[in-house]
Amino acid sequence: LNEIAYYFDYDYEQSVAPSSRALETAELAHRLRTEPCAGSLRALPTSDGGMHIYDDRDGAPKVMRLSQFERRIVEAIDEVRSAAAVLHLLERTFPGSRFELLAVTRFLDELVERQMALHDGDRYLGLVLMPASMRAALEHENGRSSPVRRHKLPVLNRTTVEQSL
């Protein structure tokens, strides 16, 4: 237990001013704790390869219907990606189809405008909650998990343990 860090403390040099982002982050965390959002932003896959995004965060449910190409863009920003990286994924997923970076960027910016994604410069991160069936595939594809391998472990009872000693 002595080797586990419970908290971190850092002192800035006097010549260095802490980032204004720290204050913004603390205020956001406080608002999220004291004024939780009652709605959600969820993805629902469709049988034709597209997706519906169901948004009821402001109390008035809205549904956004996405094509299979737009769905792939939303899936691509399940982790932080640039518009160029999203374009590259589209081209790999749909060989033979032609996509323009400007069109991809416009769609990403629309997601930001609808508060369905965040952006920092040219990098985007989606806020849509994916169902478990989609999440597992995305995590595997993005290298955040590996296929679950099930190993049969021998059942040990007291007699087995005593015999092995």
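First, a word on scope: everything that follows refers to the structure included in this document.

The rules we used
- Going along each chain's sequence as written, the residues are numbered from 1 onward.
- Only residues with pLDDT of at least 70 get local features here, since the model is predicted, and only at 80 or more are side-chain atom pairs given and counted; chain-wide, interface and lining totals rely on the full set of residues.
- The side-chain quantities take in all heavy atoms of the structure and omit both hydrogens and water.
- As a rule, the C-alpha atoms of each element are fitted with a line to give its axis, helices using only the stretch in contact, and angles between N-to-C directions run from 0 to 180 degrees.
- A run of DSSP states H or I qualifies as a helix once it reaches four residues; a run of E qualifies as a strand once it reaches two. Both are numbered from the N-terminal end.
- Angle categories are assigned with fixed cut-offs, so that under 35 degrees is roughly parallel, over 145 is roughly antiparallel, 65 to 115 is roughly perpendicular, and the rest are oblique.
- Helix crossings fall into two classes, left-handed where the near helix is turned counterclockwise from the far one by less than a right angle and right-handed where it is turned clockwise.
- Only heavy atoms enter the contact rule, under which two residues are in contact if any of them lie within 4.5 Å.
- Strands are treated as partners if at least two bridges between them are detected by DSSP.
- Nonpolar cores were defined as sets of buried Ala, Val, Leu, Ile, Met, Phe, Trp, Tyr and Cys residues, with membership established by side-chain atoms within 4.5 Å.
- Each residue gets one of three labels from its accessible area relative to the maximum for its type: buried under 20%, exposed over 50%, partly exposed in between, using a 1.4 Å probe on protein chains only.
- Any N or O atom pair separated by 3.5 Å or less is treated as a polar contact, with the protein-specific requirement of one donor-capable and one acceptor-capable atom, and with residues adjacent in sequence counted only for side-chain atom pairs.

1. Quick notes on the packing of helix α2 (residues 68-76) against helix α4 (residues 101-113)
Direction vectors running N to C along α2 and α4 enclose 65°, while the axes themselves pass 11 Å from each other. As judged from the angle between their axes, α2 and α4 are roughly perpendicular. Seen along the crossing, α2 lies across α4 with a hand that is right-handed. From α2, Glu70, Ile73 and Val74 reach across to α4, where they touch Val104, Phe107, Leu108 and Leu111.

2. Here we look at the pairing of strand β3 (residues 62-66)
In terms of strand pairing, strand β2 (residues 51-55) meets β3 through five bridges, oriented antiparallel. Note that in β3 the partner of histidine 52 across the bridge is arginine 65. The hairpin formed by β2 and β3 contains six residues between the paired strands, and glycine 59 there has a positive phi angle of roughly 90°.

3. Topic: the nonpolar core
Counting 28 residues, the largest nonpolar core has Met51, Ile53, Val74, Leu108 and Leu111 as its most contacted members. Looking at this core, the elements with two or more residues in it are β1 (41-45), β2, β3, α2, α3 (83-93) and α4. Sequence-distant contacts of leucine 111, defined by excluding residues within four places in its chain, comprise Met64, Val74, Ile77, Met116 and Ala117.

4. What to know about the pairing of strand β6 (residues 123-126)
Across two bridges, the pairing between strand β4 (residues 81-82) and β6 is antiparallel. Across the sheet, residue serine 82 finds its bridge partner in β6, namely arginine 123. Bridge count between strand β5 (residues 117-120) and β6: four bridges; the pairing is antiparallel. Paired with alanine 117 across the bridge in β6 is glycine 126. The hairpin turn running from β5 into β6, its antiparallel successor, is two residues long, and glycine 121 in that turn takes a positive phi close to 70°.

5. Focus on the side chain of arginine 81
By secondary structure assignment, the location of arginine 81 is in strand β4. Residue classification places arginine 81 among the buried residues on the basis of a relative accessible area of 14%. Among the polar contacts listed, one links the side chain of arginine 81 to the backbone oxygen of alanine 76, at a separation of 3.0 Å. Among the polar contacts made by the side chain of arginine 81, one reaches the side chain of glutamate 79 at a distance of 3.1 Å.

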